[in-house]
Structures are given as C-alpha cells and as structure tokens.
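# Geometric and topological summary
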Amino acid sequence: MSLLVVGLSHRSAPVSVLERASLSPDAQLKLLQDTVAAEPAAEAAVLATCNRIELYADVDKFHAGVAELSTLLAQHSGVGLDELTPYLYVHYEDRAVHHLFSVACGLDSMVVGEGQILGQLKDSLASAQELHTAGRLMNDLFQQGLRVGKRAHSETGIDRAGQSLVTFGLEQLAAGAEVSTWARGRRALVIGAGSMSSLAAATLARVGVTEVVVANRTFDRAERLARILGEDENTDVAARAVPIASVPAELTRADVVVSCTGATGLVLTAEAIAAAVEGRTGEPVVFDEENGGRTPSLRPLPPTSLGTDEGCPLDLSAVQQQPGFSVMGEAAVAGMDAATLEQHAAWVDNASVDRRTAGRRGPEADAELITALAATAATLGRIPERRRPEPVATPVRPAPVLFLLDLAMPRDVDAAAHRLAGVRLVDIESLAEASADAPMATDVDLVRRIVADEVAAFGAAQRAAHITPTVVALRSMAADVVANEMARLEGRLPGLDDKHRAEITQTVRRVVDKLLHAPTVRVKQLAAEPGGAGYADALRTLFDLDQEAVAAVSRAEDSTEKNAENRGPA
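Residues numbered from 1 in each chain as written. Predicted model: local features only at pLDDT ≥ 70, side-chain atom pairs only at ≥ 80, totals over all residues. Heavy atoms only, no water.

Time to look at the sheet that holds strand β9 (residues 402-406). Strand order in the open sheet formed by 6 strands is β7-β6-β5-β8-β9-β10, with parallel pairing between adjacent strands. Of all the strands in the sheet, the pair left with one neighbour each is β7 (238-243) and β10 (423-426). Across the sheet, the mean angle from the axis of one strand to that of its neighbour is 15°, orientation sign disregarded. The pairing of β9 with β10 spans 4 bridges and is classified as parallel. Pairing of F403 across the sheet is with R424, part of β10. Its contacts with the sheet put helix α10 (residues 195-207) on β5 (187-191), β6 (211-216) and β8 (256-259), and the angle it makes with β5 is roughly 170°. (Pairing = 2+ DSSP bridges. Helix = DSSP H or I, 4+ residues; strand = E, 2+ residues; numbered from the N terminus. Axes fitted to C-alpha atoms, helices over the stretch in contact; angles between N-to-C directions. Contact = heavy atoms within 4.5 Å.)

Attention now goes to the sheet that holds strand β3 (residues 52-59). In sheet architecture, strand pairing relies on hydrogen bonds along the backbone and comes in two forms, parallel and antiparallel. Reading across the sheet, the 4 strands line up as β2-β3-β1-β4 and stay open at both edges, with antiparallel pairing between neighbours. This sheet does not close on itself; its edge strands, each paired only once, are β2 (41-49) and β4 (89-92). Direction aside, the axes of adjacent strands within the sheet are offset by 15° on average. Across 8 bridges, the pairing between strand β1 (residues 2-9) and β3 is antiparallel. Bridge assignment links L3 to a residue of β3, and that residue is D58.

Turning next to the side chain of S22. Here S22 shows up in the loop between α1 (15-21) and α2 (25-37). For S22, a relative accessible area of 19% corresponds to the buried category. Residues in contact with S22, not counting those within four places in the same chain, are I53, M409 and P410. (Buried < 20%, exposed > 50% of the residue type's maximum accessible area, 1.4 Å probe, protein only.)

In structure tokens, the structure reads:
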C-alpha cells in the first residue's frame, strides 16, 4: 500500500473554482466513507480549509487510485470532473509526505508561516479516527505532521515570515496603517463561532476594538465565545452575543465585520450592506462608477443615436462593445473599405456624403485614398482621429465607513460589495493577490530543511515498520522450534528435574536469540533504507515463513492500535 494525495488549493486553482468545490462538514464525512469503500483505498483523511481541499488515501494501485480519488472529489464537490481536473495536483509516496509536512509548517499557506493549519490538521485526523477511516498510515502521517509543524514553529522564526490569515486580512483592511491604530475605538461584528471566527474575535480584541459582537446560527456557541472574550484579563473589550437574525441591525452599528461561516450561500448581500451603510450615513449608497457600476461595462459613449444618425456608416450595435471603442477613434474605422472611410470622415466633420455615390467610386479613386491614408499613417504612425472624445471625469471614491473581511470558502459576502462606495472588502481572492508578493523570511529555508529531514525519517520508519511483522513471525517460529525441542527432550529424559529443565530451556533460547539477533537487526536497518522493501520478502523466503503467519501479526498490531485509539488518550 502507498500514500496518495489528490487535491486543489489557492496555488493550483482560482478562487472561483475553490469556492464552488468547497465541501461542507457533512460532505467531508461522506467523502471519507465513500473513499474507503472504493476498491483502491484502504484508509483515508480529508484536509479541507478555506484555501485547499485535499484527499489523502492509502492505495494499492497508483493510476486506479488517482482516477478514483479525482472522481470522488468531483462528485462530492459538485464540480464536473472535466472542469476540476486541470486544477488538481497529485503527490505520491515520499512526495505526498513532503507535501503534508510542508502544509503543516505553513510553507504552503496563503500567508507563509501561519499556524492555524495545525488545528485544521488535528481536526482532520480526529474526523478520520471518529469514522474509523484512519489506519496506521494516516495516524502516523498526520501525527508526525503535527509534530513537524510544532517543531518548525519552535525551532525557527517561521512565524516572522507571515501571520495568520486574520492578521493579514486586517492589515489589508488597514491599508498600510498600523492595525492597532486603525482598530482603536472601532466596533466589530464577527459572524460565525468556529475556529477561524474565534481567532478573528480574539485578534480584534487584542488589537484594541472597543466592542466585539458575535453572531452565529447556534446562539449557544456565540454566547460561549462572547463569554470567553469578556473574561480575558489581557483585554478590556466589551463582548456580547446576538442571534444570526440580528446581523442586519448590527451592521448599522459595526465598523468592522469579519465573516467565516460554513454557509453554502451568501450571508451578506450587496443590498444588505448598502442598506446598512445608508442607515449609518443617512445618504443613499451607490455602486462605484469608477468600476463600471453594479455590472461591469464600458463607460457611456459620446451622445449618438447608436446607428440611427443620418449618414453614419457604422453598425454601432456590432462594435460598441469592443474594449476601448470610441465612435471618433481609430478602433471605429479599423478594417473599413476606402468608400466607408471617406463617409465616416464626412460624418465626423458633420458633412454629407451620399453613400450610394461613394460606393460607386472606381478602383483608381479607392487606390488614391488608400495611398493618402497609408502616407499619413507612415508619417504619424497611426490613422489620425478626426475628433477626440471629451475626457471623462473619474469620481473620487469616498473614504470607507464599513470594513468587511470575508474569510469563508465559499464566500459569505457578495463580491459586488467591492464596488460599493463607502465600503472596503477584503476576501480570499484579494488576500491571494496581496500575498503573492509577500517577502519570504530566511527562516523559510530552515523550515524546508526540517521538512526534508523529517520526510526521510518518516520514510525510514515506515519501511522499518513494514518488515516488523516478518521479524516477529520469524521469532515466533523460533520460539515454537525451542518449545518443540524441549518437549521432545522431556520425552527422552522423563526424570529431568525442574531446575535442570529451566536451565536447558534458557540455554537453548539464548542460542536461538544470538543466532537471530544480528540478522534481524541488520535486516531492519537495510529495510529502512530507500529500496529496502524487498528484504522482508527475502527473509520470508530464506526461513520459509508462512505468509499467513506474517499477515496475522499485522492484523494483531492493527487491532491493538485501533483499540488504543478508541480508548483515547490516557
């Protein structure tokens, strides 16, 4: 069996695809169950965060495993396989281990070095254990990943290479100002009470907001989070909980809103946000004309009758949607024949040309006009415009009165809020763009070396563990040989007293142990090296070990581990 991971993240897919492919908690559990029910997979775990969806499995066939896991991801995400496939990545065996350890250290996060991923890894393992889809490999992999992540944060300054997604988002909202200065005195609304929302609420309290209001569909969870915030001795923030239905009213009071729920639809529509801002300012809220209004479009054209003006030769309905189009400009006349060019020029100059007459111009007249245009273009480098359009004044965008941070996937906040005057929205997509050029700290190289060392150690441990059942079976066979020989000796020497029998038994066992010690220790060392998987087969062949006996040892070890997991930590 071998480790395989199939997934997509902010590094491989646009946010719009990640948003559509996101899995609800119920869908994640169903995906786990269906994965282990599939033929190539023996165990599985799902890692789903706001910017990644990954399915890990222990498979016996690579190609069949890739096909099955990809199909399952498509089925449970609701995105067609043909559409999803270009954005999927695949890692196998050591590369899969390297990927998970890099994720655990925050190297693969949108904000490098963020530590929240460790909690998400822990939750993923807990879900797989609860559904009994995590066997030895998944348990070893994720537990080691957690240790590697903790080691990276404790032994290096990876935390300095980046921040949590919440902190980074608040920095984007502050737009260059010191976050604590920007946040001081503001009122905050946090929608959701999960791990990300809790982190957001705690961060807001720490940076100096005066009030944090928590809204959640389950009111008890909102109350619990508000109580924890209020009891924190390190802050003096006022915290209270409200039902989710109170969000529209709270929007009119809030300065900062952070939303991270598991909702599949929008939590805050652009209309609701506009109404909240209008309720605060008392002035109508319009969509920012600088970005083309509610639906992006070209700026209005100069006044014309759009194809109905007398003498206008242009079919404006066909060309007015061209980027950069102007009825007076070069784009309008591109590709016209000579007669139409002349008529267009006359129309621009408010002259009058009978198109029927112009259309009857002979080839010689066309050639003359084309030659003149070519000479002008050669001199000026372009066909000159006959009349330039009037400059369009760009309205000044008003200062924001409402700051929105959307950390949900799929999004909680309508993307149209980007175009609302008086609103600043930061979401996963804008965070991805902002973090693309984030500086990498030198500590990242140290973490990469830690990951490489840990991957090698994990591989060696797994290969050594693979041969352990064979070694145990060999020692069990040797013990049976000793027991059989002692029984035969007692039959030949019935008068042997207990003292001498024990001494002889101990002597025989020591001889067998000494004979087996060097080979078993050496075979474990060899098996731990790359390519050492064949030593288990060699050992079984040399000592004629029963394959079923080896399999029985493996089953017994798996059963012991599973019982320990079910009992939980001591």
